[in-house]
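Secondary and tertiary structure notes
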Amino acid sequence: MTPDKKVKILATLGPATRSIDDVRELVENGVNLFRLNFSHGEHADHAERFGWIREVERQLNQPIGILMDLQGPKLRVGRFAEGKVQLKRGQTLRLDLDSTPGDSTRVNLPHPEIIDALQPGMSLLVDDGRLRLTVTAKHADAIDTRVEAGGELSDRKGVNVPEAVLELSPLTEKDRRDLAFGLELGVDWVALSFVQRPQDIHEARELIGDRAFLMAKIEKPSAVQHLREIARLCDAIMVARGDLGVEVPAENVPRIQRNIVRTCRQLGRPVVVATQMLESMRFSPAPTRAEVTDVANAVAEGADAVMLSAETASGDYPLEAVSMMSKIIRQVESGPDYQAQLDVNRPSAEATLPDAISCAIRRISGILPVAVLVNYTESGRSSLRASRERPAAPILSLTPNLATARKLSVAWGVYSVIDARMYDMEHVCLNALELARAQGMAGTGDTVVITAGVPLGQSGTTNSLRIEMLN
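Presented here is an overview of the structure given in this document. The model shown is predicted, which means the values in this text are computed figures rather than measured ones.

Parameters at a glance
- Residues numbered from 1 in each chain as written.
- Predicted model: local features only at pLDDT ≥ 70, side-chain atom pairs only at ≥ 80, totals over all residues.
- Heavy atoms only, no water.
- Helix = DSSP H or I, 4+ residues; strand = E, 2+ residues; numbered from the N terminus.
- Rg over C-alpha atoms; globule rule 2.2 N^0.38 Å.
- Buried < 20%, exposed > 50% of the residue type's maximum accessible area, 1.4 Å probe, protein only.
- Contact = heavy atoms within 4.5 Å.
- Areas by Shrake-Rupley, 256 points an atom, 1.4 Å probe, with all protein chains shown as cover.
- Lys, Arg positive; Asp, Glu negative; His and termini not counted.
- Charge placed at Lys NZ, Arg CZ, Asp CG, Glu CD.
- Salt bridge = Lys/Arg side-chain N within 4 Å of Asp/Glu carboxyl O.
- Expected span 1.5 Å × (residues − 1).
- Arc of directions from axis to C-beta.
- Patch = residues over 30% accessible without salt bridge, like charges linked within 9 Å, V, L, I, M, F, W, Y side chains within 5 Å.
- Pairing = 2+ DSSP bridges.
- Axes fitted to C-alpha atoms, helices over the stretch in contact; angles between N-to-C directions.
- Polar contact = N/O pair within 3.5 Å; in protein donor to acceptor, adjacent residues only side chain to side chain.
- Right-handed = clockwise from strand over helix to strand, strands pointing away.
- Parallel < 35°, antiparallel > 145°, perpendicular 65-115°, else oblique.
- Left-handed = near helix turned anticlockwise from the far one by under 90°.
- Nonpolar A, V, L, I, M, F, W, Y, C, P; charged D, E, K, R; others polar.

**Overview of the overall build of the protein chain**
Regarding its fold elements, the protein chain presents 17 helices and 21 strands. Here the protein chain has a C-alpha radius of gyration of 24 Å; the compact-globule value for 471 residues is 23 Å, and the two agree. Within the protein chain, the fraction of its 471 residues that count as buried is 55%. A separation threshold of at least 6 residues defines the contact pool for the protein chain, and within that pool the share at least 24 residues apart is 67%. When the accessible surface of the protein chain is totalled, it reaches about 19,300 Å², and 48% of it is carbon and sulfur. Between the mean site of the 55 positive side-chain charges and the mean site of the 62 negative ones, the protein chain shows a separation of 3 Å.

Rendered as structure tokens:
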């Protein structure tokens, strides 16, 4: 295994990945888990890629997480009689429930929930924010708007409503079909799009149960407002900067990103920073300097993982994008101030045995030349608490549960091995040292810190710590 970075890479699969060999190359260049984007592609396509990932996992004997990303409710205008219109600043435009093709004065908005929620003075953003409208009047089946920023508007362009909370489930009928399919396949993570409120998490949980872990995508202003409660209810958070950057002023996104990363670390929830991180590498073998800085900043802020979207799904240089992201991560992590910055932002521990032990191993790894921290875990919770501390040494998580190992593929600094050999504490220590050597994470003379729960095999009982030297 010999991990050379602590921040993980989540890569999206798509048409650019054509075989098992392509998937294997991506993993060998630094990918830790994969995203299947259900906004695109057929079920058969996703099933094939799922099979490739599982085969590479078997070949490399390395747990690899798989995240299915649900499309969520896409709000769009209807169609135009001529396919498109030109809107001018200051003109009026009515959006209504009439399905008749539109023109430059009106167009269908087939979403009564938007009309119900909007009030005069509120804004609508159309076509990824390229056009901006202000509501001037509201009717039972229509709203009148004034065009603030005009341009060309064509069929089925997206609509964002940043100032209103819509009475709309984040799970459409398509999402429910996709979710049933993904859970049947055996995905490890489900990403829920367009979360607005904590109750959206409850709705998804009822459908998912314990069959997968839940990641909430923060891309709505209302989700930012309810961030802490949403994060407490789910297993991880994604900073989905694409739609977030449309719904809030672009200059606010960096501050919101930092706040989300900080909040997730406080709560011990893995956080993924996503969207357009190396966007130019869709068509270029090298990124812009601004993109490199963007990835570096996310790493320095303490993100657990960074994500590649179109760069690996449909770009011309997927392998180069992964390799570049790995290089950026390693460069930041090797910097003299990286660990110091993580320590400055370290959250307060809770008054529990696992947190006390997690704090201790962070302090120990900063005092002694610890090669690796070995943690036995059933559920993965103790490894996540150790990860939250951002210790100087990598974390080798030993678990008998493959699902737990795949879950932890998104967590900062955690690398998992499936191991069910738990007898007594003495055997645990010998086994931990043997596996640390076998994984290339420690050698003769190295110091190894080992944590486990006694009695062994019971979830949530981490209560013991040993410091050993590998002979």
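The structure having been displayed, the exposition proceeds.
**A few points about the pattern of salt bridges**
In the structure shown here, the tally under the stated rule is 30 salt bridges. The residue D96 makes a salt bridge to R106 at a minimum N-O spacing of 2.8 Å. With a gap of 10 residues between them, D96 in strand β5 (residues 92-96) and R106 in strand β6 (residues 106-108) connect regions that are remote in the sequence. Just as D96 is buried, R106 falls in that class too. Between R388 and E389 there is a salt bridge; the shortest N-O distance is 3.6 Å. Salt bridges linked by common partners bring E350, D355, R362, R385, R388 and E389 together as one network.

**Quick look at helix α4 (residues 173-185)**
If you check α4, its first and last C-alpha atoms are 19 Å apart, about what 13 residues at 1.5 Å a residue would give, namely 18 Å. If you check which residues of α4 are buried, you get D175, D178, L179, G182 and L183. Along α4, the residues classed as buried sweep out an arc of 130° about the axis, all on the same side. Of the residues in α4, the exposed ones pointing more than 90 degrees away from the buried face are E173, R177 and E184. Just beyond α4, the residue with positive phi is G186, at close to 110°.

**Considerations on a nonpolar patch on the surface**
Taken together, the side chains of I367, L368 and I467 make up a nonpolar region of the molecular surface, amounting to roughly 280 Å² of accessible area. Along the chain, L368 falls in the loop between α14 (353-367) and β17 (370-376). Note on L368: relative accessible area 36%, which makes it partly exposed.

**A few points about the sheet that holds strand β14 (residues 236-240)**
Strand order in the closed barrel formed by eight strands is β1-β2-β3-β12-β13-β14-β15-β16, and the pairing between neighbours is parallel. Strand after strand, the sheet turns through a mean of 25° between neighbouring axes, direction not considered. Of the pairings in the sheet, the one linking strand β3 (residues 65-69) to strand β12 (residues 189-192) comprises three bridges and is parallel in character. Opposite D69, over in β12, you have A191 as the bridge partner.

**Considering the environment of S383**
Residue placement: S383 occurs in helix α15 (residues 381-388). Under the relative-accessibility criterion, S383 is labelled buried at 0%. Spatially, the C-alpha atom of S383 lies 14 Å from that of T352, the residues being 31 residues apart in sequence. Engagement of the side chain of S383 in a polar contact is seen with the side chain of N375, the distance being 2.7 Å.

**Looking at the pairing of strand β19 (residues 414-418)**
As a general feature of sheets, a regular strand has side chains that alternate between the two faces. Along β19, four of the five residues are buried, which leaves the element largely enclosed by surrounding structure. Two elements, strand β18 (residues 395-399) and β19, share five bridges in a ladder whose sense is parallel. By the bridge assignment for β19, T399 is matched with I418. Handedness of the crossover joining β18 and β19 through helix α16 (residues 402-407) is recorded here as right-handed.

**A look at the environment of P254**
Its location among the elements puts P254 in helix α9 (residues 253-267). The partly exposed category is assigned to P254, whose relative accessible area is 41%. Through-space distance from the C-alpha of P254 to that of A117 is 28 Å; in sequence the pair is 137 residues apart.

**Here we look at the packing of helix α10 (residues 289-301) against helix α12 (residues 318-333)**
Following both chains from N to C, one finds α10 and α12 inclined at 50°, their axes separated by 9 Å at the closest point. One element, α10, and the other, α12, form an angle in the oblique class. You can see that α10 and α12 cross each other, and the crossing is right-handed. Within the contact between the two elements, α10 uses V292, V295, A296, V299 and A300 and α12 uses M325, I328, I329, V332 and E333.

**So, the sheet that holds β5**
On the basis of which strands lie adjacent, the open sheet formed by six strands has the order β6-β5-β9-β8-β7-β11 and mixed pairing. Edge positions in the sheet fall to β6 and β11 (159-160), since each of these pairs with one other strand and no more. In this sheet, strand β9 (residues 142-149) lies alongside strand β8 (residues 131-138) in antiparallel orientation, the contact comprising six bridges. Paired with R132 across the bridge in β9 is A149.

**Brief notes about the side chain of S382**
Tracing the sequence through the fold places S382 in helix α15. The buried category is assigned to S382, whose relative accessible area is 10%. Separated by 2.9 Å, the side chains of S382 and N375 make a polar contact. The residues contacting S382, other than those within four sequence positions of it, are S358, N375, Y376, T377 and T462.

**Remarks on the packing of helix α1 (residues 20-28) against helix α2 (residues 43-60)**
In contact at an axis separation of 9 Å, α1 and α2 are set at 55° when each is read in the N-to-C sense. One finds that α1 runs oblique with respect to α2. In the crossing of α1 with α2, the sense of the turn from one axis to the other is right-handed. Residue-level contacts link I20, V23, R24, V27 and E28 of α1 to W52, I53, E55, V56, Q59 and L60 of α2. Split by residue class, the contact of α1 with α2 holds seven nonpolar, one polar and three charged.

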